[in-house]
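# Report on the structure
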Amino acid sequence: MAQHSTHPGGASRVRRRALLGTAVLAVLVALAGLAAYLTREGRSPSDTPAPPPSSPTASSSSEAPSGPHTRPRALPVPPKTHDPITYGKAAAAALWSYDTRAYLQPELRKALRGWLTTESKYADPASVDQAVPSAVLWREMAANKQVATAKINEGHFPHAFTQALQDDPGAITQAYVYAVTVSGKQSIRWKGASAGGAESRSTTLAVQCRPNHPCALVGVMPSVAP
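In this text, all values refer to a predicted model and were calculated from it rather than measured experimentally.

The rules behind each value
Residues numbered from 1 in each chain as written. Predicted model: local features only at pLDDT ≥ 70, side-chain atom pairs only at ≥ 80, totals over all residues. Heavy atoms only, no water. Helix = DSSP H or I, 4+ residues; strand = E, 2+ residues; numbered from the N terminus. Buried < 20%, exposed > 50% of the residue type's maximum accessible area, 1.4 Å probe, protein only. Contact = heavy atoms within 4.5 Å. Areas by Shrake-Rupley, 256 points an atom, 1.4 Å probe, with all protein chains shown as cover. Expected span 1.5 Å × (residues − 1). Disulfide = S-S within 2.5 Å. pLDDT = per-residue confidence, 0-100. Salt bridge = Lys/Arg side-chain N within 4 Å of Asp/Glu carboxyl O. Core = buried A, V, L, I, M, F, W, Y, C linked by side-chain atoms within 4.5 Å. Pairing = 2+ DSSP bridges.

### With respect to the overall build of the chain
Each helix and strand in the chain was counted, giving seven helices and five strands. Going residue by residue from the N terminus, the α and β elements of the chain occur as α-α-α-β-α-α-α-β-α-β-β-β. Put simply, the chain has 226 residues, and 46% of those count as buried. Taking the contacts inside the chain whose residues are at least 6 apart along the sequence as the reference set, 73% of them involve residues at least 24 apart. Accessible area of the chain: about 10900 Å², with a carbon and sulfur share of 55%.

Okay, structure coming up:
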């Protein structure tokens, strides 16, 4: 999990994270508020490779493994879609899934950063990093060969977002960032377990879908918007 840093760069990252949370709440009240925040300079650049084709791990229909000897899962890769809800559902599935048997924690973190928009003034890599288990926790999970998969139930634009969009349809044309709330279930299994655990999950994501460009992730909201 992301931790506070004692050097100056760490303080600025914490401030940017807090500002994103403020911006997210603003977008759910007024879309123009988000657009104003997203045009500010000084956001951290992201390590973003070109998006490869979609994989089963990123699928919104990803199911829990049938047992501890299930075939290892590939790292998540973003789908090429122009639909923010489709992209948001795939991103949530990727954020809720991992396979400690198949790759290391830094590899998963880098792969998830690959979902971020290449427009660094919008991307919030810290919010994505926080969705990845810490290095210490990952080692413990890897010792038990722990695997998590996601099943997505639904995705939608939060009510306040759609209302703001209706009130000012032109506001979104500056950054083309959409709020998407996704709900589903995360299932976890580990070595030697005859059965695993599962819990309901929900999150609100910021997704950028510019015209004539595939969607990309902006960041994970600090709270869930209905």
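On we go.
### Here's the deal with helix H3 (residues 84-95)
Spanning 12 residues, H3 covers 16 Å between terminal C-alpha atoms, matching the ideal 16 Å at 1.5 Å per step. Counting buried positions along H3 yields nine of 12 residues, so the element is predominantly enclosed. Contact partners of the buried residues in H3: helix H4 (105-113), helix H5 (125-129), strand S2 (147-156), strand S3 (177-189), strand S4 (197-208) and strand S5 (216-220).

### Concerning the state of the cysteines
One pass over the structure, following the stated rule, counts one disulfide. Each disulfide pairs two cysteine sulfurs, and for Cys 209 the partner residue is Cys 215, the sulfurs being separated by 1.9 Å. Across the S-S bond linking Cys 209 and Cys 215, the dihedral sits near 115°, which makes this disulfide right-handed.

### A word on the confidence of the model for the chain
The predicted model of the chain has a mean per-residue pLDDT of 77, with 67% of residues at 70 or higher. This model gives residues 1-8 a pLDDT under 50, and the stretch forms 10 contacts once residues within four places in sequence are excluded. Predicted confidence for residues 21-69 stays below pLDDT 50, and this span has 126 contacts to residues more than four positions away or in other chains.

### Thoughts on the pattern of salt bridges
Under the definition given, this model contains three salt bridges. Taking the shortest distance from any N to any O, the salt bridge between Asp 99 and Arg 101 comes out at 2.8 Å. Looking at Arg 101, the relative accessible area reads 24%, which means it is partly exposed. One salt bridge connects Glu 119 with Arg 210, and the closest N-O pair in it is separated by 2.7 Å. Note that Glu 119 is positioned in the loop between H4 and H5 and Arg 210 in the loop between S4 and S5, a separation of 91 residues in sequence.

### Brief notes about the nonpolar core
Counting 41 residues, the largest nonpolar core has Leu 112, Trp 115, Leu 205 and Leu 217 as the members making the most contacts within it. Broken down by secondary-structure element, the contributors of at least two residues to this core are H3, H4, helix H6 (135-143), S2, S3, S4 and S5.

### Some words on the sheet that holds S4
Pairing is antiparallel across the open sheet formed by five strands, whose spatial order is S1-S2-S3-S4-S5. Strands with a single pairing partner mark the edges of an open sheet, and in this sheet they are strand S1 (98-99) and S5. Both S2 and S3 contribute to a ladder of nine bridges, which runs antiparallel. In the sheet register, Ala 150 faces S3, and the bridge partner there is Gln 186.

### Re the environment of Ala 142
Within the secondary structure layout, Ala 142 lies in helix H6. For Ala 142, a relative accessible area of 27% corresponds to the partly exposed category. Along the chain, Ala 142 and Asp 99 lie 43 residues apart, while their C-alpha atoms are 8.4 Å from each other.

### Description of unusual backbone geometry
Positive phi, close to 55°, is recorded for Tyr 176, a residue that is not glycine. Within the element layout of this structure, Tyr 176 appears in the loop between helix H7 (159-167) and S3. Judged by its relative accessible area of 19%, Tyr 176 falls in the buried class. Positive phi outside glycine occurs at Asn 212, with the angle close to 65°. By secondary structure assignment, the location of Asn 212 is in the loop between S4 and S5. In this structure Asn 212 comes out as exposed when scored by relative accessible area, which is 74%.

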